[in-house]
Amino acid sequence: MHLVDHLNPMQKEGVLQSKGPVLLLAGAGSGKTRVLTHRIAYLIEQGVAPWNIMAITFTNKASKEMRERVDALVGQGSEDIWVSTFHSSCVRILRRDIEKIGYDKNFVIYDMDDQEKVMRECLKELDFNEKLFTPKGVMGEISAQKNELISVGEYTKRAAIDFRMSQIAKIYALYQKKLHSNNALDFDDLIFKTVELFTLRPDVLTVYQEKFRYIMVDEYQDTNTAQYQLVKLLASKYQNLCVVGDDDQSIYGWRGANIRNILDFEKDFKNTKVIKLEQNYRSTKTILEAANAVIQNNISRKPKALWTENEEGKSIRIFKGMNEYEEAQYAAEEIVRQVEEEGREYKDFAILYRTNAQSRVLEEHLLRKTIPYRLLGGVRFYERKEIKDIMSYLKAIYNPADDIAVKRIINIPKRGIGDTTIDKVMKQAAATESNFFDVLTYSDEIPDLQRSAKKLKEFSKMLITLQVRVETMSVVDLIEEILNITGYVRELELENTEEARGRIDNIKELISKAADYKKRVDEPSLTGFLEEVSLVADIDNYQENANSIVLMTLHSAKGLEFPYVFMTGLEEGIFPSYRSMTSGEEKDVEEERRLCYVGITRAREVLYITHAQSRMLRGMTQYNSPSRFIREIPEHFVEETKKPVVEKSVPKANTTTRKALPVQARKFVQNANTFTMPTPKNVVLNFGQGDAVQHKKFGVGTVQAIQPAGADYEVTVFFPQSGAKKLMAQFSNLKSV
DNA sequence: CAGAGACTCGAGGAG
DNA sequence: CGAGTCTCTG
C-alpha cells in the first residue's frame, strides 16, 4: 500500500509533482489539506530532510491541524518540519536576525489596540485635523502601504504631489519612529521587516533559502504583496514552491490580499505545473450546484465548476423573518427540532453571519431555548480589559521601553497618578528623547514632577522589582506575583458584582493558559508566552469536539465544514454589505459573492438561508430587501420554509414549495432598496402578532401585523365584526386580553 | 485626581 | 444602541 493509493488522479499528481513550481487550484472541499500532507510525506519518503520543508498557513489552527496530520503520516522527524503561520515564521526569523537591520531582538508585537494608541499620539503630536485624519483611517492607509511593501521613504516620495498623502507620509514616519523607540512591531511589520531583512542582507536570505528548499503555501489566494514577496525570495533559489489556493475563496482583499498573486503565478514562475482539484467530497449535489450558480455571477475568476459524486440531498431552505428576532427564533427552533426529531447533535450546526454585531440576537434566542453554543469573535479573550491589564504588566516588565504598556498600567490599580502627571512625563520624555519609563526613575530630579515624584518612583521601583524576578519565576508565578503586589484581584473581589466576578474568572483563565503554555513548550519563557498570545486568532480556539452549536462570521468559517449550516442576514445592505454596494467598484460586490460561496460550501448536508424584512442597526430600524445572492440560486434547489407556527399552534415545521420568484438575469441592475427610519420611541406594546386585543369601539380582535410608522407603530388588527383595521398604537389605546 | 453624567459618534471582515 | 470621550463637580 502506497501513500497515494487512495487519492484521486489529480490529487495524486499534486503529491507526486514534488519539484519545481506547482499551482494547485483546489476548490472547496476537494481535499487540498490531504494533498499537502501527503505531499510532505512523499517528500520525506523521497529522502528530503524534514528540516528542509516549510509549510505556511494563515491561522494557527490550520497549522496545528496540518502538523497533526503530518505527524500521523510521517512519524519520526516530522517535528523538524516548519509548519507555521506567516506571522509566527517571521517572528522566529526576526528574533534571530532583526538586529542586523537595527532593531532589538526583544521586540514586542503590538495589536490593533496598541497601534491605535500610538496612532492617536502621532496625530496629537502633529496636530492634524482630526476629522480628516482619524486614527482608524490613517492606520488603514499605512497598513495598506506596508502590505504593498512601500516604506516611509518610498511613500514620502510618491506623496509629494498630493497634500493629503504628504500629511499621511509624515504620520507614517512618526508612527514608525515611535514603534521603533518602543521596541515594537505591528502585525504588518512582521512581514515587512522580514522582507526588508532578506533584501538588505542577502547573506541572511541565503541561509534561509538553503534551509527551506521545499516550500508550500496554503490559502494562497489570501496572500498580500508582502507575503508573496517573502515567499518568492525564499523560493527563488530552488524553485520548489507549491501554492494551494482557490481564487473563488479570496475574501481578504480588504486586508491587502492580492488576487493577482494567484492569477499571475504562472507568469512569475516559469514552467509552473498547474493542477486543478475539482471534485468535491464534502457537500450534496444541491448545495454544490447552488454554490456554483452563485459564483458564476463573478466576472473576474478562473472558469471552473466543482462536481461531486455525492447524492442530491435536501433542498436549500429559505426563511423570511419579519425581523431579526423572528429570524433568530426560527434558527433556534429549527435546531431544536432537528436535534429532537432527527437525532442530530448540537455540534452538527453552525450559524454564520456577515458581521459580529448580528450575533447578539441569535445568542439571546439560543439562551432562551437553552441550546449550548460557542461564540467565536466579538470581544476576544485577549482583548478584555483585565487581560490586557495583566498582559501590559508582563509586557512592561519584559520591555520597559514599551511606552504603551507602561502608560496603560501606571494608574491601574489607582495610584493617584492622573492625566496631568502623565502628560508631564511624556513631555519630559519627548524633550530628552528617552523612554517614558526612564523618566519615572529620575522623576524626583525634575522640577515639574516634584509633586508626584514619590508615586512615580514607587511605581518604577515596583516594576524593577518584578523585572528581577523574571529570571527565576515562571510566567504563572509572575502573574500571581503581579496580582499580589498590585491587589488587582482583591479590588475586584471588593466590587462584588457579576461583572467583577467575570473578570476574576478571566484572570484565572489567563493563569491556566500560562500554566498550559509552561507544560506544552520545551523552553517556556516570558517572551515565548507574550508572543504566543499576540499571535493567537479567534479561530484557533475553536474546538470541534464540544457538543454545542457554533456561531461565527462567514470569514472565520473558511476552512471549516458542518452538516447543517445557517447563513443568516442575507439582505441587501447586510450581505452584500452596504459598503461594498456603494463603493462604486464591482470587485467589492464580487468579494462579497465569494464570501457567500465560502458560506454555502461550508455545508455538507443541509443549508438554511435566512433573511429579515427589518432589522435594528445602531438604534435605527432598517428595511432591507432579500440579498441578490438568494436570487442567484436557481429556484429548483430551494424551498421556502415557514416558521414552525409558534405560540398557540402546533409546533411543527411547515414547509411549502416556493412559488416562482422572478429570477434576476443580470446583476448591476439591482438597486439598494435599503433605507432607515427612526424607531418608535416612548411607545411600549404589551402585545405581539397573533395576540388578542381589546379596542373601545371595535371590541376584541387579533393582531395581524405591527409596522413601525415614524414615532409610533401601525397595528393591523382583525375584528370579527368590523374586519381588518389599521390603527396607530399610541391613540387607539389597544389592550391585550 | 476621581467619579458621575452628558455627549458624540460610529460597527466589516482578522493575524 | 453602546462604547468611548468630554465636562463638570466634589
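In this numbering scheme, every chain counts its residues from 1 along its sequence in written order. To read the labels, note that chains go from A and ligands from 1, taken in the order they are written. Totals for whole chains, interfaces and linings use all residues, but because this is a predicted model, local features are given only for residues with pLDDT of at least 70 and pairs of side-chain atoms are given and counted only at 80 or more. Only heavy atoms go into the side-chain values, all of them from the structure, while hydrogens and water stay out.

Brief notes about the overall build of chain A
Reasoning step 1: The way it works is that DSSP assigns letters per residue, a run of H or I at least four long becomes a helix, a run of E at least two long becomes a strand, and they are numbered from the N terminus. Each helix and strand counted, chain A has 30 helices and 25 strands in total.
Reasoning step 2: Residues count as neighbours in contact if any of their non-hydrogen atoms are within 4.5 Å of one another. Contacts in chain A between residues at least 24 apart in sequence constitute 73% of all its contacts with a sequence separation of at least 6.
Reasoning step 3: Method for areas: the Shrake-Rupley scheme with a 1.4 Å probe, in which residue coverage is limited to the protein chains shown. Carbon and sulfur atoms form 51% of the exposed surface of chain A, whose accessible area is close to 34,100 Å².

Quick look at the packing of aromatic side chains
Here the distance between the centres and the angle between the planes together describe a pair of aromatic rings.
Reasoning step 1: In this scheme Phe, Tyr and Trp rings, the latter by its six-membered ring, pair at centre separations within 6.5 Å, and the angle between planes marks the pair as stacked below 30 degrees, edge-to-face above 60, and tilted otherwise. Under the defined criterion, the tally for this structure stands at 16 aromatic pairs.
Reasoning step 2: An aromatic cluster of three or more residues is present, and its members are Phe319, Tyr330, Phe349, Tyr564, Phe566 and Tyr608.
Reasoning step 3: In this scheme, Lys NZ or Arg CZ marks a charge over a ring once it lies within 6 Å of the ring centre and within 35 degrees of the ring normal. Seen from the ring of Phe107, Arg95 lies directly overhead, with NZ or CZ sitting 4.1 Å from the centre.
Reasoning step 4: Taking NZ or CZ as reference, Arg255 lies 4.3 Å from the ring centre of Tyr252, over its face.

Topic: the sheet that holds strand E6 (residues 214-217)
Reasoning step 1: Spatial strand order, E3-E2-E6-E7-E1-E8: six strands in an open sheet with parallel pairing. Whereas interior strands pair on both sides, the edge strands pair on one side only; in this sheet they are strand E3 (82-85) and strand E8 (273-277). For this sheet the average axis-to-axis angle between neighbouring strands, irrespective of direction, equals 15 degrees.
Reasoning step 2: Angles shown run from 0 to 180 degrees and are taken between the N-to-C directions of axes, each axis being a line fitted to C-alpha atoms and, for helices, limited to the stretch in contact. Running over the sheet, helix H3 (residues 60-74) touches strand E2 (53-57) and E3 and is turned about 160 degrees from E3. For two strands to count as paired, DSSP must find a minimum of two bridges between them.

Describing the nonpolar core
Reasoning step 1: Only buried Ala, Val, Leu, Ile, Met, Phe, Trp, Tyr and Cys residues count toward a nonpolar core, and they belong to the same one when joined by side-chain atoms within 4.5 Å. With a 1.4 Å probe rolled over the protein chains alone, any residue whose accessible area is under 20% of its type maximum counts as buried; one over 50% counts as exposed, and the rest are partly exposed. By size, the foremost hydrophobic cluster in this structure holds 74 residues, and its most contacted members are Ile171, Leu394, Leu440, Leu463, Ile479, Leu510 and Phe529.
Reasoning step 2: With eight residues, the top contributor of residues to this core is helix H17 (residues 385-398).
Reasoning step 3: Residue contacts for Leu510: discarding those within four places in its chain leaves Phe381, Tyr382, Ile387, Ile390, Met391, Ile479 and Phe529.

Some words on the state of the cysteines
Reasoning step 1: The criterion for a disulfide is a pair of cysteine sulfur atoms lying within 2.5 Å. According to the stated counting rule, one finds zero disulfides in the structure shown.
Reasoning step 2: Free of any disulfide, Cys90 has its nearest cysteine sulfur in Cys242, 19 Å distant.

Comments concerning the protein's contact with DNA strand B
Reasoning step 1: Each residue is tested against the molecule or strand, and it is near if at least one of its non-hydrogen atoms lies within 4 Å. In the neighbourhood of DNA strand B, 34 residues make up the surrounding shell, with Arg354, Asn356, Thr421, Arg579 and Glu592 lying closest.
Reasoning step 2: Near the protein, meaning within 4 Å, the atoms of DNA strand B are sugar or phosphate in a fraction of 46%, with bases accounting for the rest.
Reasoning step 3: Residues adjacent in sequence count toward polar contacts only when both atoms are side-chain atoms; beyond that, a polar contact is any pair of N or O atoms within 3.5 Å, and within protein one must be able to donate a hydrogen and the other to accept it. Contact between DNA strand B and Gly416: a phosphate oxygen at 3.2 Å from a main-chain N or O atom of the residue.
Reasoning step 4: Within the side chain of Arg579, an N or O atom sits 2.4 Å from a phosphate oxygen of DNA strand B.
Reasoning step 5: Take the surface near DNA strand B: its biggest share by element is three residues, from helix H19 (residues 419-432).
Reasoning step 6: Gly falls in the polar group here, along with every residue not listed as nonpolar (Ala, Val, Leu, Ile, Met, Phe, Trp, Tyr, Cys, Pro) or charged (Asp, Glu, Lys, Arg). Taken together, the residues of the surface near DNA strand B sort by class into nine nonpolar, 13 polar and twelve charged.

Considerations on the environment of Val489
Reasoning step 1: Within the secondary structure, Val489 sits in helix H23 (residues 488-495).
Reasoning step 2: Taking the relative accessible area as the measure of exposure, Val489 reaches 18% and is therefore buried.
Reasoning step 3: It is 34 Å that separates the C-alpha atoms of Val489 and Cys122, two residues lying 367 residues apart in sequence.
Reasoning step 4: Setting aside anything within four residues of it in sequence, one finds Val489 in contact with Leu483, Ile504 and Ile507.

Here's the deal with the confidence of the model for chain A
Reasoning step 1: The quantity called pLDDT is the predictor's confidence in a given residue, expressed from 0 to 100. Averaged over every residue, the pLDDT of chain A is 84; the share at 70 or more is 87%.
Reasoning step 2: Overall, residues 645-683 carries pLDDT values under 50, and its contacts beyond four positions in sequence, including any with other chains, amount to 84 contacts.

Side note on the pairing of strand E12 (residues 349-353)
Reasoning step 1: With respect to burial, E12 is a largely interior element, five of its five residues being buried.
Reasoning step 2: Here E12 shows no split at all, with Phe349, Ile351 and Tyr353 on one side and Ala350 and Leu352 on the other all buried.
Reasoning step 3: By the bridge criterion, four bridges tie E12 to strand E15 (residues 562-567) in an arrangement that is parallel. Each residue of the ladder has a partner; that of Phe349, found in E15, is Tyr564.
Reasoning step 4: Summarising the sheet, E12 and strand E14 (residues 549-553) pair through four bridges and their orientation is parallel. Pairing of Leu352 across the sheet is with Met552, part of E14.

Some details on the side chain of Asp389
Reasoning step 1: Structurally, Asp389 is set in helix H17.
Reasoning step 2: Note on Asp389: relative accessible area 0%, which makes it buried.
Reasoning step 3: Among all residues touching Asp389, those that are not within four sequence positions of it are Arg408, Ile409, Ile412 and Tyr488.

Concerning empty space enclosed by the protein
Reasoning step 1: Points on a 1 Å grid, built from protein atoms alone, make a cavity when a 1.4 Å probe fits but cannot get out and make a pocket when they are open with protein on both sides within 12 Å along at least 5 of 7 lines; residues with an atom within 4 Å of a point are the lining residues. Grid points are joined across faces, edges and corners, and a volume is the space filled by probe spheres set on the points. Taken as a whole, this structure holds five cavities of 30 Å³ or more when the rule is applied.
Reasoning step 2: Quantified by volume, the largest cavity comes out at close to 60 Å³.
Reasoning step 3: If you list the elements that add at least two residues to the lining of the largest cavity, you get strand E4 (108-110), H17 and helix H25 (526-535).
Reasoning step 4: When residues in the lining of the largest cavity are grouped by element, the largest group, four residues, is from H25.
Reasoning step 5: Each residue belonging to the lining of the largest cavity can be placed in one class, and the counts come to five nonpolar, two polar and three charged.

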